[in-house]
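# An overview of the molecular structure
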Amino acid sequence: MFTGIVENQGLVVKKEERGGQVRFGFRFQKKEKGLKIGDSIAVSGVCLTAVCVRPDGFEVDVVRQTLEATTLGELEIGGRVNLEKSLRIGDGLGGHFVTGHIDGRGTIVKIEKRKKNTTLFLTAAKDIITLLADKGSVACDGISLTVQKVWGKVFQIAVIPHTLQVTTLGFKRAGSEVNLEVDIVARYLQKCFAKERSRTTFSSRTILRELLQQGVEWKKDLS
């Protein structure tokens, strides 16, 4: 579990094919302590397991499905990623609950630079858009951000200068893709409502079937 508060950045220093998966090596932008082999770490929002740890960086193995479903497959040597270690008991909760399980990709279609903040306009698949709400939360490349507005297939978010400075969003341009994870609360609410609708539909069909059966029996009695 993560919070979407990016703690560090990593520089890709290794990309090696290994039997259907890829071994990535990252070098920390700033010194990092406490990461051990077997620990979970969010890499641009994707929850991965550290398989090798050095003082200046770490390595992870990424399976083909994750490479295809996220932007990690497009990473090359010299690329940058956002990093966040998993939560530990007693850690502060500065963002929102983030699982590291990506729902899909989003594409930045427009960037507006304003006096204080920068506004990003992104498109995403319908199943992601339907789970976003004005003033709700979304994790974008592992960064906890607030959705300002949603319309059609587009949503917009405002990014303060500090976030642009300490994350990879400062390097993004129109056309860049990002990993998106919707708020876990929204995901569970959708599932609960879907089950409720299913039960309601089932009940309605059952009642209709019973009424039709009764109608057949009444017709027999009258004849």
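Now for a description of the structure that goes with this document. (Residues numbered from 1 in each chain as written. Predicted model: local features only at pLDDT ≥ 70, side-chain atom pairs only at ≥ 80, totals over all residues. Heavy atoms only, no water.)

## Thoughts on the nonpolar core
Grouped together as the largest cluster of nonpolar side chains are 22 residues, with contacts concentrated most on Leu122, Leu132, Phe155, Leu169 and Leu180. Every element with two or more residues in this core is listed here: β8 (118-124), α2 (126-129), β9 (137-140), β10 (143-151), β11 (154-159) and β12 (177-182). If sequence neighbours within four positions are ignored, Leu132 has contacts with Val138, Val147, Val150, Phe155 and Val182. Core analysis: the second largest hydrophobic core is formed by 19 residues, Val12, Phe28, Val46 and Val62 among them. (Core = buried A, V, L, I, M, F, W, Y, C linked by side-chain atoms within 4.5 Å. Buried < 20%, exposed > 50% of the residue type's maximum accessible area, 1.4 Å probe, protein only. Helix = DSSP H or I, 4+ residues; strand = E, 2+ residues; numbered from the N terminus. Contact = heavy atoms within 4.5 Å.)

## Thoughts on the side chain of Asn82
Its location among the elements puts Asn82 in strand β6 (residues 80-85). On the accessibility criterion, Asn82 (2% relative accessible area) is buried. Here the side chain of Asn82 touches Asp141 through a polar contact of 3.0 Å, landing on its backbone oxygen. Not counting chain neighbours up to four residues away, the residues in contact with Asn82 comprise Val6, Asn8, Gln9, Ala42, Val43, Ser44, Asp141, Ile143, Thr167 and Thr168. (Polar contact = N/O pair within 3.5 Å; in protein donor to acceptor, adjacent residues only side chain to side chain.)

## As for the packing of aromatic side chains
Within a pair of aromatic rings, the relevant descriptors are the distance that separates the centres and the angle that separates the planes. Overall, the coordinates contain four aromatic pairs when judged by the stated rule. With a centroid separation of 6.3 Å and 75 degrees between ring planes, the pair formed by Phe121 and Trp151 is classed as edge-to-face. Taken as a pair, Phe121 in strand β8 and Trp151 in strand β10 lie far apart in primary sequence, 30 residues in all. You can call Trp151 partly exposed: its relative accessible area is 37%. What links up through ring pairs into an aromatic cluster is the set Phe24, Phe26, Phe28 and Phe58. Of note, Lys110 hangs over the ring of Phe121, and the distance from its end group to the ring centre comes to 5.5 Å. The lysine or arginine in question, Lys149, covers the ring of Trp151, its NZ or CZ lying 5.5 Å from the ring centre. (Phe/Tyr/Trp six-rings, centres within 6.5 Å; stacked < 30°, edge-to-face > 60°. Lys NZ or Arg CZ within 6 Å of the ring centre and 35° of its normal.)

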